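# Report on the structure
The residues making up each chain are set out below.
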Amino acid sequence: MPVWRVVAGFWWDPIIQAHTFLLLRVLLVFITMVGTQWSNVSSTYCKDMASSVYRPHSVTITEFGAVGDGVTLNTKAFQNAIFYLNSFADKGGAQLFVPAGRWLTGSFSLISHLTLSLDKDAEIIGSPDSSDWPVIDPLPSYGRGANGTIDGQGAIWWDWFHSNTLNYTRPHLVELMYSTDVVISNLTFKNSPFWNIHPVYCSQVLVQHVTILAPLNSPNTDGIDPDSSTNVCIDHCYVRNGDDVIVIKSGWDEYGISFARPSTNISISNITGETRGGAGIAFGSEMSGGISEVRAEGLRIVNSMHGIRIKTAPGRGGYVKNVYISDVSMDNVSMAIRITGNFGEHPDDKYDRNALPMISNITIENVVGVNVGVAGILEGIEGDNFSSICLSNVSLSVQSMHPWNCSLIEGYSNSVIPESCEQLRTDCGQTPICYDGGSSSAIHAQAARHRLSSASRLLNPLLKLAML
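How each quantity is defined
- Residues numbered from 1 in each chain as written.
- Predicted model: local features only at pLDDT ≥ 70, side-chain atom pairs only at ≥ 80, totals over all residues.
- Heavy atoms only, no water.
- pLDDT = per-residue confidence, 0-100.
- Contact = heavy atoms within 4.5 Å.
- Pairing = 2+ DSSP bridges.
- Helix = DSSP H or I, 4+ residues; strand = E, 2+ residues; numbered from the N terminus.
- Axes fitted to C-alpha atoms, helices over the stretch in contact; angles between N-to-C directions.
- Core = buried A, V, L, I, M, F, W, Y, C linked by side-chain atoms within 4.5 Å.
- Buried < 20%, exposed > 50% of the residue type's maximum accessible area, 1.4 Å probe, protein only.
- Salt bridge = Lys/Arg side-chain N within 4 Å of Asp/Glu carboxyl O.
- Disulfide = S-S within 2.5 Å.
- Arc of directions from axis to C-beta.
- Polar contact = N/O pair within 3.5 Å; in protein donor to acceptor, adjacent residues only side chain to side chain.

Per an unreviewed UniProt entry, the chain goes by Pectate lyase superfamily protein domain-containing protein and derives from Oryza glumipatula.

Written out as structure tokens, the structure is:
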């Protein structure tokens, strides 16, 4: 199926919004740039963003020669329309309306104070000709190409990837760079060549009520990847893809260390995911700028390889710390929790092998899992033990006779079934070390706080969503 992508190469206050969508089809989209008041990171700021913005000026894409027959290439029409509408940026902004039809296009960039509005029967589809998608420079925190522009038809890119015939790395479906006040809401994304939604070097980002779909065997089709970004809220999303559902990143080895832009203050809630090749929620492996202050709650993970995963390696440097994950339910997951200290490749041979990552203050609590293969493999790095790994109120129905495998880690546990590995058997209810999602404060009175996780309400609604 064809897909669409707008290359968001802007630097000022964008908001991407949508109203109403039909599964597998974009129906009505608003892409807007405005300034919005943003509160401190918490689940409440998901409600703070304006859902619509009035634009006093409006044009239709057909006024610029576009044809919605699914065959005519309309890249120039989109580019010319947006160039024209830029003149209204200081006059209240403008709207570009796309009527019913199938509008074939290559890459085009957005501007500030613009609303891109699609009729309910409009589809923006990507050109199958890679020459319609110009190559852009690599991200400074990655060092070599990990971004680009979109072909628009993921299957072609997946074939090129599998046959090792790519000249460049694959493009993302939507990439937002150096942007503030971004809303992506009520949209369906599908068949991305690479990562789906990639806010990088952004702040004040809200992604809500989004559906992301790709074949379960599609390579590297991550769902939502906050990258070197701050104050990010991801809420009420459904993702079925070939790689990580939600994954937080912050740059790659020496490039990420030098660029030094962390991902921090991130709230994730009410996510349902299915992935054959990744995890429901993941961190890294590109995390060299640092990741901290992450709170994730209400995760439903089915038919997946991993539930929760942290990926890193010597040479990464950086840190993953102050992470709180709660209210998680899993069904048919190969491994519930995995922390890996030797994962992934390097951008080149210039990385510092002595740049060891710090993994600390990771709390996972209120987890229920059925049909789980292995409870967890938790592996640090020689000379770099991962510390303050805390598990609380975790109940997993595990098939393996050896449910846990732990090495080079330190931490605590309480009410874990099957019993956690020896390195975690100090009761976290008796220590002030475990992170509770606040300002590095402790988990207090665990027994009193053990509520009935909504994981027990998991299976019927979750499996309904998984069958979509």
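## With respect to the confidence of the model for the chain
Mean pLDDT over the chain: 81, with 79% of residues reaching 70 or higher. Of the regions scoring below 50 in pLDDT, residues 1-41 engages in 189 contacts with residues more than four places distant in sequence or in other chains. Segment residues 440-468: pLDDT under 50, and 59 contacts once partners within four positions in sequence are set aside and those in other chains are kept.

## Some thoughts on the sheet that holds strand S9 (residues 122-126)
One open sheet holds the three strands; their spatial order is S5-S7-S9, and the pairing between them is parallel. On the outer flanks of this sheet lie strand S5 (69-73) and S9, each paired with one strand and no other. Direction aside, the axes of adjacent strands within the sheet are offset by 25 degrees on average. Of the pairings in the sheet, the one linking strand S7 (residues 101-105) to S9 comprises five bridges and is parallel in character. Residue pairing across strands places Trp103 opposite Ile124, the latter belonging to S9.

## Description of the nonpolar core
Ranked by internal contacts, the top residues of the largest apolar core, which has 62 residues, are Ile268, Phe283 and Ile325. Sorting elements by how many residues they give to this core places strand S19 (residues 319-340) first, with nine residues. In this structure, Ala77, Ala94, Ile111 and Leu116 belong to the second largest nonpolar core, which totals 21 residues.

## With respect to the pattern of salt bridges
Counted by the stated rule, this structure contains nine salt bridges. A salt bridge links Lys311 to Asp244; the shortest N-O distance between them is 2.7 Å. Of this pair, Lys311 sits in strand S18 (residues 291-311) while Asp244 is found in the loop between strand S14 (230-241) and strand S15 (246-248), placing the two residues 67 residues apart along the sequence. Assessed through its relative accessible area of 6%, Lys311 is described here as buried. Here Asp327 ties to Arg300 by a salt bridge, and the two come within 3.5 Å at their closest N and O atoms. Placement of the pair is Asp327 in strand S19 and Arg300 in strand S18, with a sequence separation of 27 residues. Assigned by exposure class, Asp327 and Arg300 land together as buried.

## Structural notes on the state of the cysteines
Following the criterion strictly, the structure yields two disulfides and no others. In this model Cys390 forms its disulfide with Cys434; the gap between the sulfur atoms is 2.0 Å. As the torsion about the S-S bond is roughly -90 degrees, the Cys390-Cys434 disulfide counts as left-handed. One end of the pair, Cys390, is in strand S21 (residues 386-398); the other, Cys434, is in the loop between strand S24 (426-427) and helix H4 (446-449), with 44 residues separating them in the sequence. In this pair, the class of Cys390 matches that of Cys434, namely buried. Put simply, Cys406 and Cys421 are joined by a disulfide, and their sulfur atoms are 1.9 Å apart. Its S-S torsion of about -75 degrees marks the bond between Cys406 and Cys421 as left-handed, since a negative value means left-handed. Placement of the pair is Cys406 in strand S22 (residues 404-407) and Cys421 in the loop between strand S23 (409-417) and S24, with a sequence separation of 15 residues. For the unlinked cysteine Cys237, the closest cysteine sulfur is that of Cys233, found at 8.8 Å.

## Some details on helix H2 (residues 154-162)
Gly154, Trp157 and Trp158 are the residues of H2 that are buried. One side of H2 carries all its buried residues, which in axial view fall inside an arc of 100 degrees. Of the residues one or two after H2, Asn164 is the one with positive phi, at around 55 degrees.

## Digging into helix H1 (residues 75-85)
Since the α-helix turns once every 3.6 residues, residues separated by three or four places project in the same direction. Regarding H1, the residues found buried are Thr75, Ala77, Phe78, Ala81, Ile82 and Leu85. Looking at the buried positions of H1, the neighbouring elements they touch are strand S4 (57-60), S5, strand S6 (94-98), S7, strand S8 (114-118) and S9.

## A few points about the side chain of Ser218
When you line up the elements, Ser218 lands in the loop between strand S13 (203-213) and S14. Here the side chain of Ser218 touches Pro215 through a polar contact of 2.5 Å, landing on its backbone oxygen. Among the polar contacts listed, one links the side chain of Ser218 to the side chain of Thr221, at a separation of 2.9 Å. Discounting chain neighbours no more than four positions away, the residues touching Ser218 are Trp158 and Gly242.

## With respect to the sheet that holds S8
In spatial order, the strands read S4-S6-S8; together these three strands make up an open sheet with parallel pairing. Taken across any chain shown, the strands that pair with only one partner, and hence form the sheet edges, are S4 and S8. The sheet shows a mean angle of 20 degrees between the axes of neighbouring strands, direction not considered. Relative to S8, S6 runs parallel, the two sharing five bridges. Its bridge partner being in S8, Phe97 is matched across the sheet by Ser117. Sheet contacts for H1: S4, S6 and S8; angle to S6, the most-contacted strand, approximately 160 degrees.

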